[in-house]
Amino acid sequence: MPVTTSSASLLTIFGATGDLAQRMLLPSLYGLEADRLLPAGMNLLGTARSTLDEAGFRDAIATSIRTFVPEAQRDAAVLERLLARAHYQPASLDDDASMAALAARVHALRDGDVLYHLSTSPSFYVQACDALGRHGLNGPGTRVMLEKPIGHDLAEAIAINDGVTRTFDESQVYRVDHYLGKEGVQNLLALRFGNALFEPLWNARHIEHVQITVAETVGVEGRGDYYDGSGAIRDMLQNHMLQLLCLVAMEPPSQFEPTAVRNEKIKVLHALRPIGRNEVGAETVAGQYVAGAIAGKAVPGYVEELGRPSRTETFVALRAHIDNWRWSGVPFYLRTGKRMARRCSEIYLQFRAVPHSIFARAGASTQPNALLIKLQPDERIELQLMHKTPGLDRNGLRLSQVSLDLDLDEEFGNVRRRLAYERLYLDAIEGNGTLFVRRDETEAAWKWVDAILDGWACAGTPPRPYAAGTWGPNAALAMTERHGHSWRE
Ligand code: BG6
């Protein structure tokens, strides 16, 4: 039964001394504290195996803020306010006495709702929830945030979801996909559903194909052990990329509220045409970077970074189809990779050509319109239009493609861009699950991805090499060119 919520009086972070906490979670809490958005009196309880004392945890918070919050935003008074909320309790899931001590701490520090954030390996989620249940830390007024990936495949995802929902009702489970907390990603909804202009064109009759790219220049950055067991498809495509696809392709929800939005997203995932053993060869490309250069600087290949041989893909590109009325026949090209030519996350929608060109006899060619939605590193929206090239046209009329270009960083230059976790924390603290992923979404995404992984395993072909600093293997270009398309670069 859904549980009613009020703002959390205690946020308990498991894995509070880990990398994600240092880089993202603590700086996000600092950002919220700076604007006095954290509930008055809310405590922060860090827990991990590390036998830190409270002073040690407060030092770790101060170090995180010093290292990851830009200097211009740092303020000693804000840090003091955040530190005043902070407590630490070491605990280990396999030591029940330490969990009992943690439970006592939670009971002492809470004065209403509690939010638990499991910022640990997913392999601990069930054990952690079982322990929370055993010590009476679940029930009304509690909720739990889980980091991606939820498992390694569908079977594991089901096992985790079953395990977690033994302790918490689904309405109390907040599965994080930090892309949903990004300003640019939410703006996709505003663009689609806050404007009358696009919706009539947002379908197979007018859109010829769609590209979604999430390209990174970083390598595996010391996360080799995790990454090598995942690869690009599990690390990025199963979650972030498919969430972007859902937001681009879903029907308009009736409200901007959790159930309505998630009900529309799940329909997209269910309509994805399976890519299995017979299709993976033509519809997918896996790659792995070898040594190359990024921005003029030599970088090693993946296996050198990892220190052992590996067949894990660091790049994936594929051609997906959504089998429903809106998108019938429209290819969705998705690609993501590490060590690519430049960092960019963007969505590109190419419209169909004009049905008849009145300029053809005059020798002028037209190009199709396109809408480019750049999510990061810069946020901008470009609408590509045909325009007459200025002049007297003595040698015939010419047309050029020009962009209506909206630079959101410039437009909203005085507004600080929030870290994704600022919004996600605030929503979870307040009990709003709209930007979190529901169980059926994760499982539908895994089901689709599992078929591709099975196809790859069956084909047994290793990922194709690509030089670091490029746009991936040539086969990814060939995949689009076979269908008369080319990646936007
Ligand atoms: C994470 C992946 O979910 O997203 C990382 O595990 C990846 O491998 C990161 O680098 C990318 O996030 P962002 O916000 O930098 O685009």
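Being a predicted model, the structure only gives us computed values, none of them experimental. (Residues numbered from 1 in each chain as written. Predicted model: local features only at pLDDT ≥ 70, side-chain atom pairs only at ≥ 80, totals over all residues. Heavy atoms only, no water.)

**Topic: the overall build of the protein**
- Of regular secondary structure, the protein possesses 16 helices and 17 strands.
- On C-alpha atoms alone, the protein measures out to a radius of gyration of 24 Å, which is about the 23 Å that the 2.2 N^0.38 rule sets for 489 residues.
- Expressed along its principal axes, the backbone C-alpha trace of the protein runs to roughly 85 × 50 × 50 Å.
- Every one of the 489 residues in the protein was classed for burial, and the buried ones make up 53%.
- Pairs at least 24 apart in sequence give 78% of the contacts found in the protein among residues at least 6 apart.
- If you sum the accessible surface of the protein, you get close to 21,200 Å²; carbon and sulfur atoms cover 53% of it.
- Looking at the protein, you have 52 positive and 59 negative side-chain charges, and the mean spots of the two groups are 5 Å apart. (Helix = DSSP H or I, 4+ residues; strand = E, 2+ residues; numbered from the N terminus. Rg over C-alpha atoms; globule rule 2.2 N^0.38 Å. Buried < 20%, exposed > 50% of the residue type's maximum accessible area, 1.4 Å probe, protein only. Contact = heavy atoms within 4.5 Å. Areas by Shrake-Rupley, 256 points an atom, 1.4 Å probe, with all protein chains shown as cover. Lys, Arg positive; Asp, Glu negative; His and termini not counted. Charge placed at Lys NZ, Arg CZ, Asp CG, Glu CD.)

**Quick look at the site of the ligand**
- Looking at the ligand, the residues that line it are K148, H178, Y179, K182, E216, R223, D235, M236, H240, K338, R343 and Q376.
- Between the ligand and Y179, the relevant distance is 2.4 Å, taken from an oxygen atom to a side-chain nitrogen or oxygen of the residue.
- Here an oxygen atom of the ligand and a side-chain polar atom of H240 are 2.7 Å apart.
- Burial of the ligand by the protein amounts to 82% of the accessible area it has alone, namely 400 Å².
- When grouped by side-chain class, the residues that make up the shell around the ligand number two nonpolar, three polar and seven charged. (Near = heavy atom within 4 Å. Polar contact = N/O pair within 3.5 Å; in protein donor to acceptor, adjacent residues only side chain to side chain. Nonpolar A, V, L, I, M, F, W, Y, C, P; charged D, E, K, R; others polar.)

**What about the environment of E441?**
- Following the sequence through the fold, E441 ends up in helix α15 (residues 439–459).
- The spacing of E441 and I347 is 94 residues in sequence and 21 Å in space, taken between C-alpha atoms.

**Remarks on the domain arrangement of the protein**
- Partitioning the protein into structural domains gives domain 1 (8–175) and domain 2 (180–246 + 283–416 + 462–481).
- If you average the C-alpha positions of domain 1 and of domain 2, the two centres end up 35 Å apart.
- Contacts between the two partners involve six residues from domain 1, matched on the other side by seven residues from domain 2.
- A buried area of about 620 Å², summed over both sides, lies between domain 1 and domain 2, and 44% of it is on carbon and sulfur atoms.
- Per-residue buried area on domain 1 facing domain 2 is highest for K148, P149 and H152; these three make up 69% of the total on that side.
- Taken together, the connections running from domain 1 to domain 2 amount to one salt bridge.
- K148 is the partner of D235 in a salt bridge, and the nearest nitrogen-oxygen pair spans 3.2 Å.
- Inspection of the region where domain 1 meets domain 2 yields three residue pairs in polar contact (both at pLDDT 80 or more).
- Class assignment for the residues of the side of domain 1 that touches domain 2 results in one nonpolar, three polar and two charged. (Domains from an automatic or database assignment. Buried area = accessible area lost by both parts, 1.4 Å probe. Salt bridge = Lys/Arg side-chain N within 4 Å of Asp/Glu carboxyl O.)

**Quick look at the environment of L399**
- You can see L399 is positioned in strand β16 (residues 399–407).
- Judged by its relative accessible area of 19%, L399 is buried.
- In this structure, the C-alpha to C-alpha distance between L399 and Q367, residues 32 residues apart in sequence, is 9.0 Å.
- Other than its neighbours up to four places away in sequence, L399 contacts F359, A364, S365, T366, M386, H387, K388 and T389.

**Quick word on the packing of aromatic side chains**
- For the structure on display, the rule yields eleven aromatic pairs.
- Centroid distance Y227 to Y302: 6.2 Å. Interplanar angle 65°. Geometry classified as edge-to-face. Taken as a pair, Y227 in helix α8 (residues 224–228) and Y302 in helix α12 (residues 302–306) lie far apart in primary sequence, 75 residues in all.
- On the basis of an interplanar angle of 80° and a centroid distance of 5.8 Å, the ring pair of Y289 and Y302 is categorised as edge-to-face. Here the residue Y289 occupies a position in strand β8 (residues 284–290), and Y302 occupies one in helix α12, the gap between them amounting to 13 residues. Taken individually, Y289 and Y302 each receive the classification buried, so the pair is uniform in this respect. (Phe/Tyr/Trp six-rings, centres within 6.5 Å; stacked < 30°, edge-to-face > 60°.)

**Considerations on helix α9 (residues 231–249)**
- Over its 19 residues, α9 runs 25 Å from end to end, which matches the ideal 27 Å to within 8%, given 1.5 Å per residue.
- Roughly 50° is the biggest bend found in α9, and it falls at L237. (Expected span 1.5 Å × (residues − 1). Bend = angle between axes of the 7 residues up to and from the residue.)

**What about the sheet that holds β8?**
- The strand order β16-β15-β14-β13-β7-β12-β11-β8-β17 describes an open sheet built from nine strands, whose pairing is mixed. With one partner strand each, in any of the chains shown, β16 and β17 (464–467) form the two edges of the open sheet. Direction aside, the axes of adjacent strands within the sheet are offset by 20° on average.
- Examined bridge by bridge, strand β15 (residues 380–388) and β16 share nine bridges and lie antiparallel to one another. Residue M386 lies in a different strand from β16, and its bridge partner there is Q401.
- Each of β8 and β11 (315–320) is contacted by α15, which is oriented at about 115° to β11, the strand it contacts most. (Pairing = 2+ DSSP bridges. Axes fitted to C-alpha atoms, helices over the stretch in contact; angles between N-to-C directions.)

**A short note on the layout of surface pockets**
- In this structure, the second largest pocket encloses a volume near 430 Å³.
- As for the second largest pocket, its lining consists of 22 residues, and the residues nearest its centre are A286, W456, T461, P462 and P463.
- For the lining of the second largest pocket, the elements supplying multiple residues, two or more each, are α11 (280–283), β8 and α15.
- A per-element tally of the lining of the second largest pocket places α15 first, with five residues. (1 Å grid on protein atoms, 1.4 Å probe; cavity = no way out; pocket = protein on both sides within 12 Å on 5 of 7 lines; lining within 4 Å. Points joined across faces, edges and corners; volume = space filled by probe spheres on them.)

**Digging into empty space enclosed by the protein**
- Evaluated as defined, the whole model comprises two cavities of 30 Å³ or more.
- Lining the largest cavity are 15 residues, with D177, Q238, N239, V437 and T442 positioned closest to its centre.
- Of all the secondary-structure elements, those providing two or more residues to the lining of the largest cavity are α9 and α15.
- Ranked by residues supplied to the lining of the largest cavity, first place goes to α9 with four residues.
- Each of domain 1 (8–175) and domain 2 (180–246 + 283–416 + 462–481) gives at least three residues to the lining of the largest cavity.

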